Every structure is written in structure tokens, then in C-alpha cells.
Amino acid sequence: MTQVACSSAFAPVRPAPRGSPPFRRRVASRAARRALAASASADDDAPEPSTPPDAETQKAPSPKARRASIGFVGGGAMAEAIARGFVAGGAARFSDLAVSHGSDPATAARWRALDVDVLSSNAEILDRCDVVFFAVKPHILPSVLNECGAHVDVDRHLFVSVAAGVSSAFIEDALKKAHQGGIAPGRPGPGAMPSSNKKEIAEKNTRVVTVSTPKVVRVMPNTPCLVGEAASAACKGSAASDEDVTFVVELMRSCGLCLNVSSESLLDAVTGVSGSGPAYAFLFIEALADGGVAAGLPRSTATVLAAQTVLGAAKMVLETGEHPGALKDKVCSPGGATIQAVRALESNGFRSAAMEAVLASAAKSKELGIESEKQHRGK
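A quick note: this is a predicted structure, and the numbers were derived from the prediction, not measured.

What counts and what doesn't
- Residues numbered from 1 in each chain as written.
- Predicted model: local features only at pLDDT ≥ 70, side-chain atom pairs only at ≥ 80, totals over all residues.
- Heavy atoms only, no water.
- Helix = DSSP H or I, 4+ residues; strand = E, 2+ residues; numbered from the N terminus.
- Contact = heavy atoms within 4.5 Å.
- Patch = residues over 30% accessible without salt bridge, like charges linked within 9 Å, V, L, I, M, F, W, Y side chains within 5 Å.
- Areas by Shrake-Rupley, 256 points an atom, 1.4 Å probe, with all protein chains shown as cover.
- Salt bridge = Lys/Arg side-chain N within 4 Å of Asp/Glu carboxyl O.
- Buried < 20%, exposed > 50% of the residue type's maximum accessible area, 1.4 Å probe, protein only.
- pLDDT = per-residue confidence, 0-100.
- Disulfide = S-S within 2.5 Å.
- Pairing = 2+ DSSP bridges.
- Right-handed = clockwise from strand over helix to strand, strands pointing away.
- Phe/Tyr/Trp six-rings, centres within 6.5 Å; stacked < 30°, edge-to-face > 60°.
- Expected span 1.5 Å × (residues − 1).
- Axes fitted to C-alpha atoms, helices over the stretch in contact; angles between N-to-C directions.
- Arc of directions from axis to C-beta.
- Core = buried A, V, L, I, M, F, W, Y, C linked by side-chain atoms within 4.5 Å.

**Student:** So, the overall build of the protein: which residues are in play, and what are the values?
**Tutor:** Across its full length, the protein holds 14 helices and 8 strands. Residue pairs at least 24 apart in sequence account for 75% of intrachain contacts in the protein once pairs closer than 6 positions are excluded.

**Student:** Quick one: what's the story with a nonpolar patch on the surface, residue by residue and with numbers?
**Tutor:** Where nonpolar side chains cluster on the molecular surface, the patch consists of Phe284, Leu288, Leu345 and Phe350 and spans about 300 Å² of accessible area. Residue position: Leu345 is located in helix H13 (residues 337-347). By relative accessible area, Leu345 is classed as partly exposed at 35%.

**Student:** Could you give an account of unusual backbone geometry, with specific residues and numbers?
**Tutor:** Of note in the backbone geometry, Asp115 takes a positive phi value of approximately 70° without being a glycine. Tracing the chain through its elements places Asp115 in the loop between helix H3 (105-112) and strand E3 (117-119). Owing to a relative accessible area of 35%, Asp115 belongs among the partly exposed residues under this scheme.

**Student:** Help me get a handle on the confidence of the model for the protein, residues and values and all.
**Tutor:** The predicted coordinates of low-pLDDT regions are not to be read in fine detail. Counting all residues, the mean pLDDT for the protein is 80, and 72% of those residues have values of 70 or more. The least confident element of the protein, judged by mean pLDDT, is helix H7 (residues 198-206) at 46; the most confident is helix H10 (residues 277-294) at 98. Predicted confidence is poor over residues 41-67, with pLDDT under 50, and the contacts of this stretch with residues over four places away or in other chains come to 50 contacts. Confidence drops under a pLDDT of 50 for residues 201-210, and excluding neighbours within four residues, the segment shows 23 contacts in the predicted structure.

**Student:** Just give me the short version of the state of the cysteines, but keep the residues and values in it.
**Tutor:** For the structure on display, the rule yields 0 disulfides. The cysteine Cys255 is free of any disulfide, with Cys225 supplying the nearest cysteine sulfur at 3.8 Å.

**Student:** Which residues make up the pairing of strand E2 (residues 97-100), and what are the values?
**Tutor:** Here E2 shows two buried faces, one formed by Leu97 and Val99 and the other by Ala98 and Ser100. Where strand E1 (residues 70-73) meets E2, 4 bridges bridge the pair, whose relative direction is parallel. Of the residues in E2, the one forming a bridge with Gly71 is Ala98. Chirality of the crossover, the property in question, places the unit of E1, helix H2 (residues 77-88) and E2 among those that are right-handed.

**Student:** Describe the packing of aromatic side chains, listing the residues and the values that go with them.
**Tutor:** One pass over the structure, following the stated rule, counts 5 aromatic pairs. Ring geometry for Phe72 versus Trp111: centroids 6.0 Å apart, planes at 35°, classification tilted. Residue Phe72 is located in strand E1, and its partner Trp111 is located in helix H3; the two are separated by 39 residues in the primary sequence. Note on Trp111: relative accessible area 0%, which makes it buried. Between Phe284 and Phe350 the ring centres are 5.8 Å apart and the planes differ by 50°, which places this aromatic pair in the tilted class. With Phe284 in helix H10 and Phe350 in helix H14 (residues 350-377), this residue pair connects regions lying 66 residues apart in the sequence. Residue Phe350 is classed as partly exposed on the basis of its relative accessible area of 36%. Every member of this aromatic cluster is reached through a ring pair, and the members are Phe72, Phe86, Trp111 and Phe133.

**Student:** Tell me about H10, and please be specific about residues and values.
**Tutor:** Here H10 spans 26 Å end to end across 18 residues, near enough to the 26 Å set by a 1.5 Å rise per residue. Of the surrounding elements, those touching the buried residues of H10 are helix H9 (267-275) and helix H11 (299-320). Positive backbone phi, at 115°, marks Gly296, one or two positions downstream of H10.

**Student:** Before we move on, could you go through the sheet that holds strand E7 (residues 230-236) and cite the residues and values that matter?
**Tutor:** Remark on secondary structure: sheet strands pair via backbone hydrogen bonds, oriented parallel or antiparallel. What the 8 strands build is an open sheet, ordered E3-E2-E1-E4-E5-E6-E7-E8; its pairing is mixed. Two strands bound the open sheet, and with one partner strand each, they are E3 and strand E8 (256-260). Looking at each pair of strands side by side, their axes are set apart by 25° on average, direction ignored. Of the pairings in the sheet, the one linking E2 to E3 comprises 3 bridges and is parallel in character. Bridge assignment links Ala98 to a residue of E3, and that residue is Asp117. Packing of helix H5 (residues 141-148) onto the sheet brings it into contact with E1, strand E4 (131-134) and strand E5 (158-161), and relative to E4 it is tilted by some 150°. Here helix H8 (residues 242-253) sits on the sheet in contact with E1, E4, E5, strand E6 (215-220), E7 and E8, set at roughly 160° to E8.

**Student:** Please set out H5 residue by residue, giving values where relevant.
**Tutor:** Within H5 the residues assigned to the buried category are Leu141, Pro142, Val144, Leu145 and Cys148. On an axial view of H5, the arc spanned by its buried residues comes to 160°, and they lie on one face.

**Student:** Account for the nonpolar core, naming residues and giving values.
**Tutor:** One finds Ile70, Phe72, Phe86, Leu97, Phe133 and Met252 to be the most contacted residues of the largest nonpolar core, which totals 38 residues. Listed in part, the 23 residues of the second largest apolar core include Leu119, Phe134, Leu175 and Val216.

**Student:** An account of the pattern of salt bridges is requested, with residue identities and associated values reported.
**Tutor:** Opposite charge on two side chains lets them pair, provided their charged atoms get close. Counting across every chain of the model gives 13 salt bridges. The partner of Lys236 in a salt bridge is Asp242, with the nearest N and O atoms 2.5 Å apart. Given the relative accessible area of 32%, Lys236 is considered partly exposed. Here Asp290 and Arg299 are joined by a salt bridge, their closest N and O atoms 2.6 Å apart. Residue classification places Asp290 among the partly exposed positions, given a relative accessible area of 34%. Arg299 sits in the partly exposed class, given a relative accessible area of 45%. Within the structure, one salt-bridge network assembled from shared partners comprises Glu80, Arg84 and Arg110.

Following this line, the structure appears as C-alpha cells:
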């Protein structure tokens, strides 16, 4: 089993090895989308681009080059999608990664098949890894933070949470409170090296670490990380530096687009748009295909045409810089078939339904965070 080597020194990110999953890397497309991400603003009054971004002159800034071992607390679908995205995008090797999970043997086997180091506890992830992703459900996160707190090394660890709705302030406070008891006797401290000196071992195993605020960056990704086409957003907590959040944004950009949003309060809205968005798109693709079948197409043909149509339309929005409404108008010829189809969608509340879906998801994200914090306070 390959073991994860952890270090507080950061070096250039290693490229993915040959034999990584054969995802297509659309280089020019990526550069254009990065430029769009770099110029994106949460301010609705900001001017919209009227021409395609210049991939050669508007590349997004790169962080100070550094490499870190990456650990995932939680081994579910999102963690696996992110991990595969990192490797396919060249940001890491599977041997750089470690994961802790529940007691599901199938989950462990799936990660081991990737040559990822599968660890038996969340504490081991912190002991071995520099960058730690909290990839668990919001209601599980409080107990995870309580378990991990005593193993936090604020000088080494950077925590990245993908738990919907749970604030960075809550994560920081929960880790600090769990940290106040110091290192449990009989367990090595974070980053402790083996020693033959029993007295030295005892001192390391019982020392009380000064409590300080951990570095936390929140990220809302989505499952297209798996194919290198994620739409993610990140925001730093109170102790994370600009370099920390830039590093996380660039890391996430290895598996798609990632924006650095100015306010953490916006992440609930991000959840509604892009975090939950793939489900809306899958539903729309399925409905388009169903319509094609109703009109006489074979199921396989209808599904491929529907999926490629959504992919192509999304690519036009991202790469032309034109407003979606303007692109829609170009397809709708006077008295033509498309404008009649749009009329049918509007008469059935298509846009309103999409907006309500985003608002419902955003509200639930906020609710999940509140419930998680209440659960923690109730203990």
C-alpha cells in the first residue's frame, strides 16, 4: 500500500502520471473559462463581457506553487469525484491522496482500487495530510470536527469543507473547542516523527497545543468534477490567507471552473445554482430525450442528441461571452419552430420553475447549516 508522505514544505504540483483516466482536456476551452472566472463578479452592476475572453492574455493568476498531501474525511460520491478530478486534471496523483470512511467495505475497496491510502480513522488523516477535505453530510460534520480537533496543527493544516450550509466560523470554533484538551495520551501529535527515546515520546504524546484558529476554506463543488467540468465556488474563513484560498481555487480549477466569491453568505446561492444544478440539467436532458422518443426517435439517439445539445449550449454561453437571452434570440426565427417551443415552455412556467428550484435548494442549504450547528450546541 502506498503511504502518504506529509510535509509542511510546499513544492510544485506534480503532473498526473500516464495512464490517468482518459478525460478529454479541452485546453483552449479551459483557458477561456478561466478567464471568465477571473473576471466574474458578484456585483450585478458589473458590465457583462461582449466578446469572447482572450485565452492568451486573460489567464487567471496562479498561486505560489506548492504541493501537499491531500486527505478526504468521507469517501462518498463527492469526495471520489473531486479526487478523480484532481488526478485527471494533473493536480495530484492518487498516491498523494488518503481517505477515511465509514465501515462500508465496498467504499474502501473502491478507493483502494485507485491506489489511494485508505485509513481507519479521521484522526489519521490529520496526522498524515496537509490539506484536509471535510466531505461529509452537514449533520455528520459536528462529530467529525470533535474527533479531529485534538489533531489539528494550525501551522500545517488547511481545511477545505464541502459541507453545504455549515459556516467556516462554526468549523473553526468546533475544532478549537475540541482542540483545547490537547493531544490524547498514547497518540502521536500531528506530524510527530518516530523516536527511540521513550521520554521524548511521552512528552510528545501528552503535550497541550496552544489553541489558535485553524485555516478553513469553504468550497461548494458539484459532481462534474468527475469529468473535469465542475462549477465550484470558494470562500475563505477568518484565519485563512489570500494565498490559501487562491491555492484551493487553483486546485479546484484542475477539475473545472472555480470562482472565489467575496462573501460566505453567497455560498447558499451557489449551492442552489451549481451545487444542485447538475440534477436540474440531468432532469432537463431526460425530459428532452423523452420528448424525442414521443416524437419518434429511438431512446439512445434522443438521449445523445439531448445531452450534446445542453453541452453545446453551455459552451456557447461560456466561450462567446454573450448573454443567454441574446443567444436564445438568435435561434428563434420569426414564425419558426423554436419560438413556438419556447412559447410552450413559458406557458408551462419553465423559467419560474427553474428559479424556484434554485431558491428551494439555497434555502435548504442554509437550513442544513443551522440544523448542524444546533445539533452541536445541544450536545
